[in-house]
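A closer look at the structure
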Amino acid sequence: MTSDFTGLTEQEAGRRLVADGPNELPSAGPRRLWQIAFEILREPMFGLLLAGGAVYVALGDLVSGAVLMAFASLSVSISIVQEIRSEKVLDALRAMTSPRALVIRDGRSRRIPGREVVRGDVVLVAEGNRIPADGVLLEARELLVDESMLTGESVAVAKRARGSEAEGEGLRPGGDNIPAVFSGSLVVRGTGAVLVLATGAATEIGRIGKSLASIDAATPRLSLETRRLVRLFAMGGLLASVAVIVTYGLLRGSWLDAALAGIAVGMAMLPEEFPLVLAVFMTMGAWRISQARVLTRRATAIETLGAATVLCTDKTGTLTRNQMTVAACVPADGSDRAQLLRWAELACVPEAFDPMDRAIAQAASVQPESRSLVRGYGLSADLLAVTQVWRLPGTARLAVAAKGAPEAIIDLCRLLPEQARAVRDTVESLGAQGIRVLGVAHGWSDEESLPDSPRGYSFQWAGLVGLADPLRPEVPVAIAECLAAGLRVVMITGDHPTTARAIAREAGLSADTVLTGQDLLGLSDTELRTRVETVGVFARILPEQKLRIVEALQARGDVVAMTGDGVNDAPSLKRADIGIAMGGRGTDVAREASSIVLLDDDFGSVVRTVRLGRRIYDNLRKAMGYIVAVHVPIAGIALLPLLTGLPLILLPVHIAFLEMIIDPACSVAFEAEHEEPDVMTRPPRAPDARLFSPSMLVASVLQGVAALLVTSLVYLLAVQRGMPEDDVRTLTFFTLVLSNLGLIVANRSFRGHPFDFLAGGNRVLLGIQVLTIAFLAATVTIPPVRRLFGFGPLHLHDAAMVALACGLLGMTLALLRWLGRRWSRTGPLQRTGRR
């Protein structure tokens, strides 16, 4: 082919490269360390952490400030490491997909990087090549191209050379026998010469990538909810501080002491744990998900995993392997499956790249032999069949094998009408199962008389071979889990409706209603919002229609997760609440548009991420409930002496000690909690569900009030007995700390048995409990530490009083839990879920 074209000159190609830019998609390039850190620090959660630490330092509480700053630094560091890891993985994936191109320059062929291809270049393509740019075919010889990354169709399409100067411009991917090819598609058979018409962002793949800039990613709902809670509790703390200052000043007349008392209460109620918890849960969640071979590109996606109500999935490469296999064989009378596959394999080109040819060769399991190809006949517009003529060892005549469209093979074999009718019935039956059917014929010929056309041979009918893109083995189980969890699964594909329906049924999806892209064109947005509620399969869907479907689902209030691997999936991946791209087969554009990447292309990983997302959200709610509960007794014990004139209990060192328990407990310990027993058998939470439902907020406050009453009871009894101030402080503080541990245990589970105090399987919590009790013992047994805390000795009868009080609190918390379950029947978690 090189002798027929001269191509551009090197000088002209250089000028066009400067004018148009490289043949690559626009990219922001790798982010530097300071850019990643700046983006993370702009997140409100980290800003609040650092601001909270600064407030403590400004108030003189250096210990609490240092602890908070340390946690902030740790969370930021973990997030930076996670982001850098994501960038490295994406760079490695991007490097795997950098093609080279064979172009004609100055009349000679040379291979250049794909980024240097320019408009007007003549590119030579052959089996296994990626098309580097959009163009029109000047020449095509048996050319078959896989455009699934652009169209979603698993079956390769035939190409032909253009018939006139203007033909081929303005065409779109998809459909047989068009004279245009598109960047990123794969040549599976034949050769061709392409005149490049568009490069870079001007290509079809570039047009889709450029459209992503105009699509807004979904807003992280949990971040907004957490900000609302922080503002709410900060306002509550401010109002409480003002109330304390006014009340104390009016009752006692000392406005300086009133100001100090107000500051102390404000410190006790400062909700810095909320952003801390969210930061730790998101970063640790990303780490846990990475253990399942899932890359979290945006930590905020973890928030919405547990709330997903609809999973939109592509078919090709996502539900299926994107790898053809022989699914059916219907041999002619008097022959068997092995004979049919043998003739089908002889009809394939040597060293085939076509997925169907490779599938047939694999199924035939032919042993190596010294055969030689004498002549081949390719596809033509008037005969959709391929014919190969072979010289086989041990035979005097030449073997002739043909395969192709059943109608074409019927014509070659000159079947009788009743025979042809039986074949068509079989083809129709197999087609209804989503199987692509090829007819196979065989014959013999003398070497001296080879005709110019396959029609010159005498063929006999060999049978039908059915091929299909098989379902991934893990898909049916994964979909069953999704459906059990109330997560509706919808297939959106560019493939034929019959194929899509068959795959959907095999996967366990609802396939009663199929909506095609043509049907979609006639629906308004309002009508589409109504139809998407019942449609289980969308077929022959264009890229822009995928985006429209996702937006229609979101308009209904659904939280949409979208899986995909092709360029045509990128807009909907970005617009979905959770975009899930395939890391192995996925394209750069799809990965960049997604928030989660499945590194091993395992569809079962989608279920694992949903499970982890639900667990993370459950544990986050438990931690938030504990934070609310634990601040009630702390604030109450800080306030009680100020209002009654009794001895002061909490000093700065005590609050710092309490924070050393609260911070790791509400973040790391609750994050490590096991999943709830019904995590994948209950419906998704309602999309508009609050992090705190009214019932859960009331339950948390009641828990805190119970802890406050028990601690206050010990405090007042100790004062009434006339005990020294140091002894009163010791008893009260011990009761407060142990009540804190009791609140942790009470909030461990929504439906399990939280009072398995030491045998709950949470090693982090067990460590916190052991260290807390050990440190409490040190505060009364080591004199310097006891003096630092202002404690007196703890006598045996005093310890018995504390134990009795904690037992009373345990029974009260158990009673509150039982009453709460009886009232809500399904527990506080489920009341926020979808009914």
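Everything numeric in this text was worked out from a predicted model, so none of it was measured.

Thoughts on the overall build of the protein
Scanning the protein for helices and strands turns up 29 helices and 21 strands. Expressed as a percentage of its 835 residues, the buried residues of the protein come to 53%. Looking at the protein alone, contacts between residues at least 24 apart form 73% of all its contacts between residues at least 6 apart. Accessible surface for the protein amounts to roughly 35300 Å². Of this, 59% is attributable to carbon and sulfur atoms.

Considerations on the pairing of strand β19 (residues 560–564)
Among the 5 residues that make up β19, 5 are buried, leaving the element largely enclosed by the rest of the structure. Residues V560, M562 and G564 line one face of β19 and the alternating positions A561 and T563 line the opposite face, and both faces are buried. Alignment of β19 against strand β20 (residues 578–582), held across 4 bridges, turns out to be parallel. Residue G564 lies in a different strand from β20, and its bridge partner there is A581.

Considerations on the sheet that holds strand β17 (residues 514–516)
As summarised here, the arrangement of the 8 strands in space is β8-β21-β20-β19-β9-β16-β18-β17, forming an open sheet in which the pairing is mixed. Here the strands that pair on one side only, and so sit at the sheet edges, are β8 (294–296) and β17. Pairwise comparison of adjacent strand axes, ignoring direction, gives a mean angle of 20° for this sheet. Lying over the sheet, helix α19 (residues 543–555) contacts β9 (310–313), β16 (488–492), β18 (537–539) and β19, oriented at roughly 160° with respect to β19.

Quick word on the sheet that holds strand β15 (residues 460–468)
In space, the 6 strands of this open sheet follow the order β10-β15-β14-β13-β12-β11, with antiparallel pairing throughout. Edge positions in the open sheet fall to β10 (325–331) and β11 (372–377), since each of these has one partner strand only. Mean inter-strand twist for the sheet, computed between neighbouring axes without regard to direction, equals 25°. Alignment of β10 against β15, held across 6 bridges, turns out to be antiparallel. Residue A328 lies in a different strand from β15, and its bridge partner there is G466. The sheet contacts of helix α13 (residues 406–413) involve β12 (385–391), β13 (398–404), β14 (436–445) and β15, and relative to β14 the element is tilted by about 25°. Docked against the sheet, helix α14 (residues 417–431) engages β10, β14 and β15, running at close to 10° with respect to β15.

Looking at the environment of L373
Within the secondary structure, L373 sits in strand β11. Assessed through its relative accessible area of 37%, L373 is described here as partly exposed. Taking C-alpha positions, L373 is 9.6 Å from L346, a pair spaced 27 residues apart along the chain. Discounting residues that sit within four places of it in the chain, L373 has contacts with P350, Q388, V389 and W390.

Notes on the pairing of β15
For β15, a buried count of 8 out of 9 residues is recorded, marking the element as mostly surrounded by other parts of the structure. Relative to β15, β14 is paired through 7 bridges, and the arrangement is antiparallel. Paired with V440 across the two strands is G463, which belongs to β15.

Description of the pattern of salt bridges
Scanning all chains against the criterion turns up 27 salt bridges. Between E345 and R371 there is a salt bridge, with its nearest N and O atoms 2.7 Å apart. On the criterion of sequence distance, the pair formed by E345 in helix α11 (residues 337–346) and R371 in the loop between α12 (355–364) and β11 is long-range, its members being 26 residues apart. R371 gets classed as partly exposed once you look at its relative accessible area, which sits at 23%. Of the charged contacts, one joins R682 and D618 as a salt bridge, the two residues approaching to 2.6 Å between their closest N and O atoms. You can see R682 sitting in the loop between α23 (652–671) and α24 (694–720) and its partner D618 sitting in helix α22 (residues 604–644), a full 64 residues away along the chain.

Focus: the side chain of E671
As for its placement among the helices and strands, E671 is situated in helix α23. Other than its neighbours up to four places away in sequence, E671 contacts F281, M284, G285, R288, R615 and N619.

Quick notes on the environment of L195
Along the polypeptide, L195 turns up in strand β7 (residues 186–198). Taking C-alpha positions, L195 is 8.0 Å from R119, a pair spaced 76 residues apart along the chain. The residues contacting L195, other than those within four sequence positions of it, are G120, D121, V122, D134, G135, V136, L138 and R162.

Some words on α19
Taking 1.5 Å per residue, 13 residues should reach 18 Å; α19 reaches 19 Å between its end C-alpha atoms and fits that length. Of all the positions in α19, only P543, Q545, K546, L547, I549, V550, A552, L553 and Q554 are classed as buried. Positioned one or two residues after α19, G557 has a phi angle of 100°, which is positive.

A short note on helix α16 (residues 497–507)
For α16, the complete set of buried residues consists of T499, A500, A502, I503, A504 and A507. On the buried face of α16, the contacting elements are α15 (475–484), β16 and β18. Just beyond α16, the residue with positive phi is G508, at close to 95°.

Some details on the packing of aromatic side chains
Counted according to the given criterion, the structure contains 6 aromatic pairs. Where Y626 meets F670, the ring centres are 5.5 Å apart and the plane angle is 40°; that geometry is what we call tilted. With a gap of 44 residues between them, Y626 in helix α22 and F670 in helix α23 connect regions that are remote in the sequence. This pair shows no difference in class: Y626 is buried, exactly as F670 is. An aromatic cluster of at least three residues, connected via ring pairs, comprises Y377, Y457 and F459. The residue whose ring lies beneath R371 is W390, and the NZ or CZ to ring-centre distance is 4.3 Å.

Let's talk about the packing of α13 against α14
Packed helix pairs are specified by the crossing angle of their axes together with the interaxial distance, meaning the distance between the axes. Where α13 meets α14, the axes come as close as 11 Å, and the angle between the chain directions of the two elements is 160°. One finds that α13 runs roughly antiparallel with respect to α14. As for the relative orientation of α13 and α14, their crossing is right-handed in sense. Mapping the contact onto sequence places P406, E407 and I410 in α13 and A420, V423, R424 and V427 in α14. Here the contact of α13 with α14 is built from residues that sort into 5 nonpolar, no polar and 2 charged.

Comments concerning the side chain of T516
The topology assignment puts T516 in strand β17. The buried category is assigned to T516, whose relative accessible area is 16%. Of the polar contacts made by the side chain of T516, one reaches the side chain of D519; its length is 3.0 Å. Each residue touching T516, except ones within four places of it in the same chain, is listed here: P497, A539 and I541.

The rules behind each value
Residues numbered from 1 in each chain as written. Predicted model: local features only at pLDDT ≥ 70, side-chain atom pairs only at ≥ 80, totals over all residues. Heavy atoms only, no water. Helix = DSSP H or I, 4+ residues; strand = E, 2+ residues; numbered from the N terminus. Buried < 20%, exposed > 50% of the residue type's maximum accessible area, 1.4 Å probe, protein only. Contact = heavy atoms within 4.5 Å. Areas by Shrake-Rupley, 256 points an atom, 1.4 Å probe, with all protein chains shown as cover. Pairing = 2+ DSSP bridges. Axes fitted to C-alpha atoms, helices over the stretch in contact; angles between N-to-C directions. Salt bridge = Lys/Arg side-chain N within 4 Å of Asp/Glu carboxyl O. Expected span 1.5 Å × (residues − 1). Phe/Tyr/Trp six-rings, centres within 6.5 Å; stacked < 30°, edge-to-face > 60°. Lys NZ or Arg CZ within 6 Å of the ring centre and 35° of its normal. Parallel < 35°, antiparallel > 145°, perpendicular 65-115°, else oblique. Left-handed = near helix turned anticlockwise from the far one by under 90°. Nonpolar A, V, L, I, M, F, W, Y, C, P; charged D, E, K, R; others polar. Polar contact = N/O pair within 3.5 Å; in protein donor to acceptor, adjacent residues only side chain to side chain.

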